[in-house]
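# Commentary on secondary and tertiary structure
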Amino acid sequence: MKQKIAHITLVVDNYDDAIRFYTEKLHFTLVEDTPLGDGKRWVLIAPPGSEGSCLLLAEAVGEEQKSRVGNQTGGRVFLFLYTDDFERDFRNLLNKGVKIVRQPLEQPYGIVAVFEDLYGNMWDLIQPARQ
């Protein structure tokens, strides 16, 4: 048996604002943006060079979904962005005005910093330790 996680849903306030943040500030690729009718869209984004899963941006509808925007994990780090060049990507976050929650720190698994996306979801930026 072979399986993989294809997409992870990220609930957002607005498709276009989210697309702008991820493509302009994090340099993600807009993989797909397909209208589905009634204002819904199938929007997939992925980090540059990624061959794995994509984020599916889902615009919040109704109060329950809107209450989850920016807090899908109850205040914990939500997503983990691996990089092959920590200094380049951390410098980019600073230059683009992305909020840094925790400064870079060497850990046994690599160097890591925590940043927030435009909604307040926390991300780890990680360059794994060489094995």
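Residues numbered from 1 in each chain as written. Predicted model: local features only at pLDDT ≥ 70, side-chain atom pairs only at ≥ 80, totals over all residues. Heavy atoms only, no water.

## Thoughts on the sheet that holds strand 7 (residues 110-116)
We apply this condition: Following DSSP output, two strands are said to pair if at least two bridges run between them. In this text, helices come from DSSP runs of H or I with a minimum length of four residues, and strands from runs of E with a minimum of two, each type numbered from the N-terminal end. Note on geometry: axes are lines fitted to C-alpha atoms, helical ones only across the stretch in contact, with angles between N-to-C directions running from 0 to 180 degrees. Note on contacts: a residue pair qualifies if any of its non-hydrogen atoms lie within 4.5 Å across the two residues.
One open sheet holds the four strands; their spatial order is 5-8-7-6, and the pairing between them is mixed. The open sheet terminates on both sides in strands that have one partner only, identified here as strand 5 (77-82) and strand 6 (100-107). Between one strand and the next, the sheet's axes are offset by a mean angle of 20°, whatever the strand orientation. Inspection of the sheet shows strand 5 paired to strand 8 (residues 122-128) by five bridges, in the parallel sense. Residue pairing in the sheet places Y82 in a bridge with I126 of strand 8. On top of the sheet, helix 3 (residues 86-95) reaches strand 6, strand 7 and strand 8; it is set at about 165° to strand 6, its chief contact.

## What about the domain arrangement of the protein?
As a reminder of what qualifies: Bear in mind that the domain bounds are from an automatic or database domain assignment. Throughout, buried area stands for the accessible area (probe radius 1.4 Å) lost by two parts on being put together, summed over both. Salt bridges, as used here, are contacts in which a Lys or Arg side-chain nitrogen is within 4 Å of a carboxyl oxygen on Asp or Glu. Three classes are used: nonpolar for Ala, Val, Leu, Ile, Met, Phe, Trp, Tyr, Cys and Pro, charged for Asp, Glu, Lys and Arg, and polar for all others, with Gly counted as polar.
Segmenting the protein into domains produces domain 1 (1-69) and domain 2 (72-130). Here the C-alpha centre of domain 2 lies 19 Å away from the C-alpha centre of domain 1. Taken residue by residue, the interface counts 20 residues in domain 1 and 15 residues in domain 2. Where domain 1 abuts domain 2, roughly 1400 Å² becomes buried across the two surfaces, and 67% of that area is made up of carbon and sulfur atoms. For the interface between domain 1 and domain 2, the tally reads zero salt bridges. For the side of domain 1 that touches domain 2, the secondary-structure elements that each account for two or more residues are strand 1 (7-12) and helix 1 (15-25). Top element by residues in the side of domain 1 that touches domain 2 is helix 1. It accounts for six residues. Of the residues in the side of domain 1 that touches domain 2, the class split is 12 nonpolar, three polar and five charged.

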